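# Coordinate inspection notes
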Amino acid sequence: MKILVINTAGMTAQLALQADKSTYFSELDASMKHSENLLPEIEKLLAKANVNLNELEYLAVNVGPGSFTGLRISIATAKALLVTHPTLKAVKFNSFEMLANNFFENNKDEKIDIVLNALSGLYFVSTFENNKFSEPKMIEKSELENKTDIVSDENIENCNVKLAKFTCENMLKVALEKVAKNETCPESELVPLYIRPSQAEANLIKK
């Protein structure tokens with residue numbers, strides 16, 4: 001199986017490629033414009049694996065939450081590749097799934113609240129319990145301070161946080177699990193998971 005996985009939800013863009021039994025990873029830091037470097041980096045990764053775009057079977061992309069601009073870049077890139085390569089099957093995953101996958105490599109908690117910084121004192125939260133995620137929501141920091149089952153990629157002041165990371169390896173694992181469950185989707189379903197409106201949308205609402 002050959003699958004390409006893309007994540008530009010954060011400051012660092014991440015790519016993963018599995019070509020049969022071999023895996024390849026790449027990261028682009030914040031100093032590199034994802035809009036200019038994502039496609040060239042994909043081409044470099046495919047060349048390293050000696051894989052042609054036409055040979056790919058699956059294309060997976062993180063739909064968020066995360067950077068509004070970053071999500072638009074990765075989803076637009078994925079849509080373009082899917083349209084020009086109609087045999088490709090789309091797979092979508094999210095940031096909560098990535099972080100949970102990393103956390104559960106070394107932990108066996110039955111319930112966790114996966115928390116992502118939404119900035120301005122707000123946080124995105126999705127609870128993982130009974131092997132499923134709750135509908136994500138946005139809350140204020142004060143709502144986190146009494147929780148004891150928080151998993152996040154960063155420490156949160158006055159909160160008991162268990163740390164996890166966003167890694168290329170974990171996003172590949174998440175994508176492969178979805179492929180194994182035949183959880184593919186049409187290209188039209190690749191839309192950003194924003195949870196809250198972008199700043200531009202918020203400004204329009206205020207008007």
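Here's what I pulled together on the structure shown here. (Residues numbered from 1 in each chain as written. Predicted model: local features only at pLDDT ≥ 70, side-chain atom pairs only at ≥ 80, totals over all residues. Heavy atoms only, no water.)

## So, the environment of Asn117
- Relative to the helices and strands, Asn117 resides in strand S6 (residues 111-119).
- Remark: the alpha-carbon pair of Asn117 and Glu187, spanning 70 residues in sequence, is separated by 28 Å.
- Apart from the residues lying within four places of it in its own chain, the contact partners of Asn117 are Leu122, Tyr123 and Glu154.
- Within the structure, Asn117 has its side chain in polar contact with the backbone nitrogen of Leu119 (distance 2.7 Å).
- Within the structure, the side chain of Asn117 is placed 2.9 Å from the side chain of Glu154, a separation counted as a polar contact. (Helix = DSSP H or I, 4+ residues; strand = E, 2+ residues; numbered from the N terminus. Contact = heavy atoms within 4.5 Å. Polar contact = N/O pair within 3.5 Å; in protein donor to acceptor, adjacent residues only side chain to side chain.)

## As for the environment of Lys137
- Note that Lys137 resides in strand S9 (residues 137-140).
- When the C-alpha atoms of Lys137 and Ala118 are compared, they prove to be 11 Å apart, with 19 residues separating the residues in sequence.
- Other than its neighbours up to four places away in sequence, Lys137 contacts Tyr123, Phe124, Val125 and Ile195.

## Some points on the pairing of strand S1 (residues 2-7)
- Burial runs high along S1: six of the six residues are buried.
- Where S1 lies against strand S2 (residues 13-19), six bridges are found, and the strand directions are antiparallel. Bridging across to S2, Leu4 finds its partner in Leu17.
- Counted between consecutive antiparallel strands, the loop separating S1 from S2 contains five residues.
- Here S1 runs beside strand S4 (residues 58-62); their pairing, made up of four bridges, is parallel. Paired with Ile6 across the two strands is Val61, which belongs to S4. (Buried < 20%, exposed > 50% of the residue type's maximum accessible area, 1.4 Å probe, protein only. Pairing = 2+ DSSP bridges.)

## Re helix H1 (residues 34-48)
- Given a rise of 1.5 Å per residue, 15 residues ought to cover 21 Å, and the 20 Å separating the end C-alpha atoms of H1 matches this to within 8%.
- Taken together, the buried positions of H1 are His34, Leu38, Glu41, Ile42, Leu45 and Leu46. End-on view of H1: buried residues confined to an arc of 135 degrees, all on one side of the axis. Residues Glu36, Glu43, Lys44 and Ala47 are exposed on H1 and point more than 90 degrees away from its buried face.
- In the core, the buried residues of H1 are packed alongside S1, S2, strand S3 (22-28) and helix H2 (68-84).
- Trailing H1 by a residue or two, Asn50 shows a phi angle of about 60 degrees, which is positive. (Expected span 1.5 Å × (residues − 1). Arc of directions from axis to C-beta.)

## Some details on the nonpolar core
- Core analysis: the largest hydrophobic core is formed by 25 residues, its most contacted members being Leu4, Ile6, Leu17, Leu59 and Leu190.
- Broken down by secondary-structure element, the contributors of at least two residues to this core are S1, S2, H1, S4 and H2.
- Among residues more than four places away in sequence, those in contact with Leu4 are Ala16, Leu17, Ile42, Leu45, Leu56, Tyr58, Leu59 and Ala60. (Core = buried A, V, L, I, M, F, W, Y, C linked by side-chain atoms within 4.5 Å.)

## A word on the pairing of strand S5 (residues 89-93)
- Pairing geometry for S4 and S5, over five bridges, is parallel. Considered in S5, the bridge of Tyr58 is made with Lys89.
- Chirality of the crossover, the property in question, places the unit of S4, H2 and S5 among those that are right-handed. (Right-handed = clockwise from strand over helix to strand, strands pointing away.)

## What to know about the packing of aromatic side chains
- Per the counting criterion, the structure on display carries four aromatic pairs.
- On the numbers, 4.8 Å between centres and 65 degrees between planes, the contact of Phe68 with Tyr194 is edge-to-face. Of this pair, Phe68 sits in helix H2 while Tyr194 is found in the loop between helix H4 (168-180) and helix H5 (199-206), placing the two residues 126 residues apart along the sequence.
- Between Phe104 and Phe128 the ring centres are 5.4 Å apart and the planes differ by 55 degrees, which places this aromatic pair in the tilted class. Placement of Phe104 in the loop between helix H3 (95-103) and S6 and of Phe128 in strand S7 (residues 122-129) is noted, with a sequence separation of 24 residues between them.
- Ring-pair connections join several aromatic residues into one group, and the members of that group are Phe103, Phe104, Phe128 and Phe133. (Phe/Tyr/Trp six-rings, centres within 6.5 Å; stacked < 30°, edge-to-face > 60°.)

By themselves, these figures tell us nothing about what the structure is for.
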